[in-house]
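# Structural description and commentary
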Amino acid sequence: MAAPSAALDAVLLHHPVWRGGVLAQAAPQAVPTGFAGLDRELPGGGWPTGALTEILCADEGIGELQLVLPALAALSRAGSRVAWLAPPHLPYAPALAAAGVRLEFLTVVRAPGRRDALWAAEQVLRAGACRALLAWLPRTSYAELRRLAVAAEAGAAFTALFRPPQAARESSPAPLRLGLEPDGERLAVRILKRRGALLAAPLRIPIQRPVHAVGGALLSTPRTRSPAARPCPV
Amino acid sequence: MALCFPRLALEALLRGRAPSEGPDDLWAVIENRSVLVCNAAATAAGVRPGSALAAAWALAPRLRTLPRNAPAEAAALEAIAAWACQFTSRVSLEPPQAVLLEVEGSLRLFGGMGRLMARLHSGLAGIGFEALLAAGPTARAALWLARGEGETLEALPVCAIAPPPEALALLQRIGISTLGELMRLPRAAAAPRLGQQLLDDLDRALGRIPEPRAFFAPPERFRAQLELPAPVAQAESLLFAGRRLLLQLEGFLAARQAGVRGFALNLLHRDSAPTAIEIGFAVPRRDAEHGLRLLRERLGALALASPAEALQLEAGGLAPLAGTTSGLFHDAHSETEEWERLLERLQARLGGTRVHGLTLHADHRPERAWRAADGGEVLAAPLGPRPLWLLEPPRRLSESDFVLLAGPERIEAGWWDGEDVVRDYFIARTRAGSLSWIYRAPEGWFLHGLFA
């Protein structure tokens with residue numbers, strides 16, 4: 001039986017034959033999101049590594065960074081590097097430090113143009129020296145995303161692409177796509193695409209909101225609607 | 001061991017040019033209206049060294065000619081010697097066309113004569129020279145073997161040792177054609193006829209008389225210039241010449257067991273000031289391929305006003321490079337190393353200020369409570385809640401755009417440096433549902449952050 005087995009091994013080695021048994025090992029390690037409800041619904045139990053994750057966000061300031069912040073904090077505390085590519089605003093160091101992110105492992109890369117941003121994203125992914133990449137790439141074609149997806153497979157980084165909600169209508173090579181909407185003090189996360197069955201109802205993720213943190217002792221809630229009634233500092 | 005460069009006169013002028021296939025790639029160096037040396041394509045067309053220029057043009061009408069440039073040849077030979085210092089500290093120049101290396105002590109390090117020769121061949125090809133290599137028990141024997149392309153001294157033709165013309169004529173008349181036959185001549189009778197010099201040279205080659213040589217001392221700073229045979233405007237062609245220079249730098253640094261913190265490449269133009277490209281490294285480096293990647297990004301972003309005629313590479317400030325023994329760097333796989341290389345690549349293309357770390361800074365003014373730097377003092381978290389996005393600069397708001405949720409947090413600071421800030425900060429919800437960090441100053445309401 002040695003000869004046929006060797007021939008079989010050769011076939012399996014040199015041809016893209018899918019074997020069910022190796023799937024468990026080949027599945028890339030996931031980064032826990034820090035939200036148990038979200039982890040349960042994501043294949044692998046967390047943010048996928050070595051693949052693109054698209055986060056389509058209805059508006060800025062609804063808590064979109066809070067969604068990835070626990071994972072970033074955990075990665076940076078473990079000494080892994082995190083890159084922010086072409087962020088729309090300045091990632092604010094005091095708030096990040098307060099959320100438990102170790103700032104010495106963060107790097108901000110600002111790209112003057114769209115092409116530079118795509119180039120930098122590919123460089124970061126291909127270098128494989130960085131465990132998480134957050135990239136803001138508003139207008140990206142399918143071919144460009146495909147290129148990034150191939151680059152992401154080369155490394156083992158959690159790669160989050162923040163894109164506008166209109167991108168949901170376009171097809172994408174990313175295996176995981178999430179749509180975010182504000183939902184009171186929570187964040188409604190709709191899983192638009194994942195490996196496996198779709199999830200109809202949005203998840204309501206309890207994120208940290210500043211009004212909770214205020215408590216009332218530190219800051220008083222203004223009673224009046226009109227800001228004109230407030231004393232003006234001079 | 002001897003490295004002999006039969007085409008040095010041509011390569012010294014032409015090595016900055018990417019080789020191209022095709023019928024137009026015929027080149028020759030001309031001296032006194034006859035061909036001194038020509039490239040392989042010209043040889044294939046029938047052009048021979050020594051033939052008259054008119055005859056050469058008759059054979060190959062597309063032959064392109066360059067006048068001989070003796071200073072460039074001397075500089076090329078010194079560049080080769082400086083590069084070869086990575087293999088042994090005992091390098092000696094043998095003008096006009098050879099470099100001698102004492103490699104006996106280095107053979108074990110480089111894995112034997114065969115491997116050393118292979119490395120020399122490929123390394124020299126990288127910096128643009130084609131060499132004839134030969135090893136021998138003495139420097140002169142190696143040199144003769146390299147020139148004559150022979151296996152043993154006895155079998156070499158007598159013309160390979162370049163005897164004086166009258167001695168050569170005499171040898172031909174009496175039917176002596178190889179060195180072996182020459183050695184067997186009775187010395188007492190040969191000396192007055194052939195000259196004592198020739199016999200002494202023979203004794204030096206055989207090791208009977210010692211031959212002291214002056215060793216080459218490589219310069220302190222690296223500085224190399226490469227002439228481009230035709231002016232070049234495309235980045236890709238410049239990169240080819242740049243690669244030659246960077247490989248030369250790599251050899252120079254390997255000899256010193258050092259790295260550099262950066263290098264400067266000057267593009268020289270005919271009638272305008274040189275274009276300077278400076279590339280810096282985070283840590284001392286030697287790797288030519290890495291330098292080339294950074295150079296590619298910089299050249300890609302560069303719009304040349306006029307074509308470049310020559311390239312000049314300068315590097316000073318050598319720093320010892322730990323933990324490596326040769327110029328081959330492809331074993332650097334650690335994550336930190338990769339990360340530093342990545343940062344250098346990003347900075348080379350995007351600019352140094354666009355790639356930065358974040359750190360806290362002790363200041364109550366929100367826009368100054370951070371710094372774009374790596375490391376630094378880490379303070380306690382600020383008093384109030386802070387947004388993850390900070391807008392730079394703050395955006396003016398009208399009063400109908402938001403609903404206040406919490407506040408105020410008063411920040412009054414900066415009177416001591418003239419950039420004073422008097423603000424009341426609130427958390428507000430905008431119409432779209434975003435939570436924002438806004439402030440009220442005497443000038444009005446401003447959006448300063450987003451609780452993303």
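Everything numeric in this text was worked out from a predicted model, so none of it was measured. (Residues numbered from 1 in each chain as written. Chains lettered and ligands numbered in written order. Predicted model: local features only at pLDDT ≥ 70, side-chain atom pairs only at ≥ 80, totals over all residues.)

Our focus in this paragraph is the overall build of chain A. Looking only at helices and strands, one finds 8 helices and 9 strands in chain A. Counting over 234 residues, chain A shows a buried share of 41%. Considering only residue pairs separated by 6 or more positions, chain A has 70% of its internal contacts joining residues 24 or more positions apart. (Helix = DSSP H or I, 4+ residues; strand = E, 2+ residues; numbered from the N terminus. Buried ≥ 20, exposed ≤ 12 C-beta atoms within 10 Å, placed from the backbone. Contact = placed C-beta atoms within 7 Å.)

Moving on to the confidence of the model for chain B. Residue and element names in this part refer to chain B. Scored by pLDDT, chain B has a mean of 83; 94% of the residues are at 70 or more. Of all helices and strands in chain B, the one with the weakest mean pLDDT is strand β12 (residues 318-320) (81), whereas strand β20 (residues 444-450) scores best (91). Note on residues 324-333: pLDDT under 50 across the span, and 10 contacts to partners over four residues away in sequence or across chains. The ipTM for the predicted assembly is 0.76, set against a pTM of 0.63. (pLDDT = per-residue confidence, 0-100.)

Turning our attention to the interface of chain B and chain A. Facing 56 residues of chain B, the contacting portion of chain A comprises 51 residues. Where strand β4 (residues 106-109) of chain A and strand β13 (residues 355-356) of chain B come together, 2 bridges link them in antiparallel fashion. Along β13 of chain B, the bridge assignment pairs Val 109 of chain A with Val 355 of chain B. (Pairing = 2+ DSSP bridges.)

Leaving glycine aside, a negative phi is the common case for residues, and trans is the common case for peptide bonds. The peptide bond linking Pro 95 of chain B to Pro 96 of chain B adopts the cis configuration, its omega dihedral lying at 5°. By the element assignment, Pro 96 of chain B lies in the loop between β5 (91-94) and β6 (98-101). Following Glu 392 of chain B, the chain continues into Pro 393 of chain B via a peptide bond in cis, with omega recorded as -10°. Counting through the fold element by element, Pro 393 of chain B comes out in strand β16 (residues 389-397). In this structure, Ala 86 of chain A is a non-glycine residue whose phi angle is positive, near 50°.

To continue, consider the sheet that holds strand β3 (residues 90-91) of chain A. Taken together, the 6 strands give an open sheet; going across it, the order is β3(A)-β16(B)-β20(B)-β19(B)-β18(B)-β17(B), and neighbouring strands pair in antiparallel fashion. Looking at which strands have only one partner, the edges of the open sheet turn out to be β3 of chain A together with β17 (402-413) of chain B. Taken together, the 6 bridges between strand β18 (residues 421-430) of chain B and strand β19 (residues 435-441) of chain B define a ladder with antiparallel strand orientation. Bridge assignment links Phe 426 of chain B to a residue of β19 of chain B, and that residue is Ile 438 of chain B.

On to the nonpolar core, then. Leu 85, Val 109, Ala 121, Val 124 and Leu 133 of chain A are the most contacted members of the largest nonpolar core, which totals 99 residues. The residues contacting Leu 133 of chain A, other than those within four sequence positions of it, are Ala 83, Leu 85, Ala 121, Val 124, Leu 125, Ala 157 and Thr 159 of chain A. Of all hydrophobic cores here, the second largest spans 94 residues; its members include Leu 13, Ile 80, Leu 238 and Ala 308 of chain B. (Core = buried A, V, L, I, M, F, W, Y, C linked by C-beta atoms within 7 Å.)

Residues and elements named next belong to chain A. With 13 residues, helix α7 (residues 142-154) should reach 18 Å at 1.5 Å per residue; the first-to-last C-alpha distance of 19 Å fits that figure. Among all positions in α7, only Leu 145, Leu 148, Ala 151 and Ala 152 are buried. Taken end-on, α7 shows its buried residues confined to a sector of 120°, consistent with a single buried face. Facing away from the buried side of α7, by more than 90 degrees, are the exposed residues Tyr 142 and Ala 143. In this fold, the buried residues of α7 make contact with β1 (51-57), α6 (114-127) and β6 (158-163). (Expected span 1.5 Å × (residues − 1). Arc of directions from axis to C-beta.)

Our next topic: the sheet that holds strand β2 (residues 27-31) of chain B. Residue and element names in this part refer to chain B. Ordered in space as β3-β2-β4, the 3 strands form an open sheet in which the pairing is mixed. The strands lining the two open edges of the sheet, one partner per strand, are β3 (34-38) and β4 (64-67). Each strand of the sheet is rotated relative to its neighbour by a mean of 40°, with strand direction disregarded. Two elements, β2 and β4, share 4 bridges in a ladder whose sense is parallel. The partner of Val 29 across the bridge, within β4, is Leu 66. (Axes fitted to C-alpha atoms, helices over the stretch in contact; angles between N-to-C directions.)

Residues separated by three or four positions in an α-helix point in the same direction, a consequence of the helix having 3.6 residues per turn. The end-to-end C-alpha separation of helix α13 (residues 335-350) of chain B is 22 Å, in line with the 22 Å expected for 16 residues at 1.5 Å each. For α13 of chain B, the set of buried residues is Arg 341, Leu 342, Leu 343, Glu 344, Arg 345, Leu 346, Gln 347, Ala 348, Arg 349 and Leu 350 of chain B. Here the buried face of α13 of chain B lies against β4 and α6 of chain A together with β10 (275-285), α12 (288-300) and β13 of chain B. Gly 351 of chain B, located one to two residues past α13 of chain B, shows a positive phi value of around 105°.

All names here are of chain B. At a closest axis distance of 9 Å, the pairing of helix α11 (residues 235-256) and α12 adopts a crossing angle of 150°. Overall, the two elements α11 and α12 adopt an arrangement that is roughly antiparallel. Remark: the crossing between α11 and α12 carries right-handed chirality. Residues Ala 235, Leu 238, Leu 239, Gly 242, Arg 243, Leu 246, Leu 247, Leu 249 and Glu 250 of α11 form the contact with α12, whose own contacting residues are Ala 288, Gly 291, Leu 292, Leu 295, Arg 296, Leu 299 and Gly 300. Of the residues assigned to the contact of α11 with α12, the class counts are 10 nonpolar, 3 polar and 3 charged. (Parallel < 35°, antiparallel > 145°, perpendicular 65-115°, else oblique. Left-handed = near helix turned anticlockwise from the far one by under 90°. Nonpolar A, V, L, I, M, F, W, Y, C, P; charged D, E, K, R; others polar.)

Moving on to the packing of α6 of chain A against α13 of chain B. Packing of α6 of chain A against α13 of chain B brings their axes to within 10 Å, and their N-to-C directions diverge by 170°. In terms of axis orientation, α6 of chain A runs roughly antiparallel to α13 of chain B. On α13 of chain B, the residues that touch Asp 116, Ala 120, Gln 123, Val 124 and Ala 127 of chain A of α6 of chain A are Glu 338, Leu 342, Arg 345, Leu 346, Arg 349 and Leu 350 of chain B. Grouping the constituent residues of the contact of α6 of chain A with α13 of chain B by class yields 6 nonpolar, 1 polar and 4 charged.

All names here are of chain A. Here chain A averages 80 in pLDDT, and 79% of its residues register 70 or above. Throughout residues 21-27 the model reports pLDDT below 50, and contacts reaching past four residues in sequence, or to other chains, amount to 1 contact. Scored below 50 in pLDDT, residues 214-234 makes 26 contacts in the model with residues more than four places away or belonging to other chains.

Here we come to the pairing of strand β5 (residues 132-136) of chain A. Residues and elements named next belong to chain A. Where burial is concerned, most of β5 is hidden: 5 out of the 5 residues are buried. Alternating positions in β5 separate into two faces, Ala 132, Leu 134 and Trp 136 on one and Leu 133 and Ala 135 on the other, with burial throughout. Of the strand pairs in this sheet, β5 and β6 are connected by 5 bridges, and their pairing is parallel. The partner of Ala 132 across the bridge, within β6, is Phe 158. Of the crossover connections in this fold, the one passing from β5 over α7 to the parallel β6 is right-handed. (Right-handed = clockwise from strand over helix to strand, strands pointing away.)

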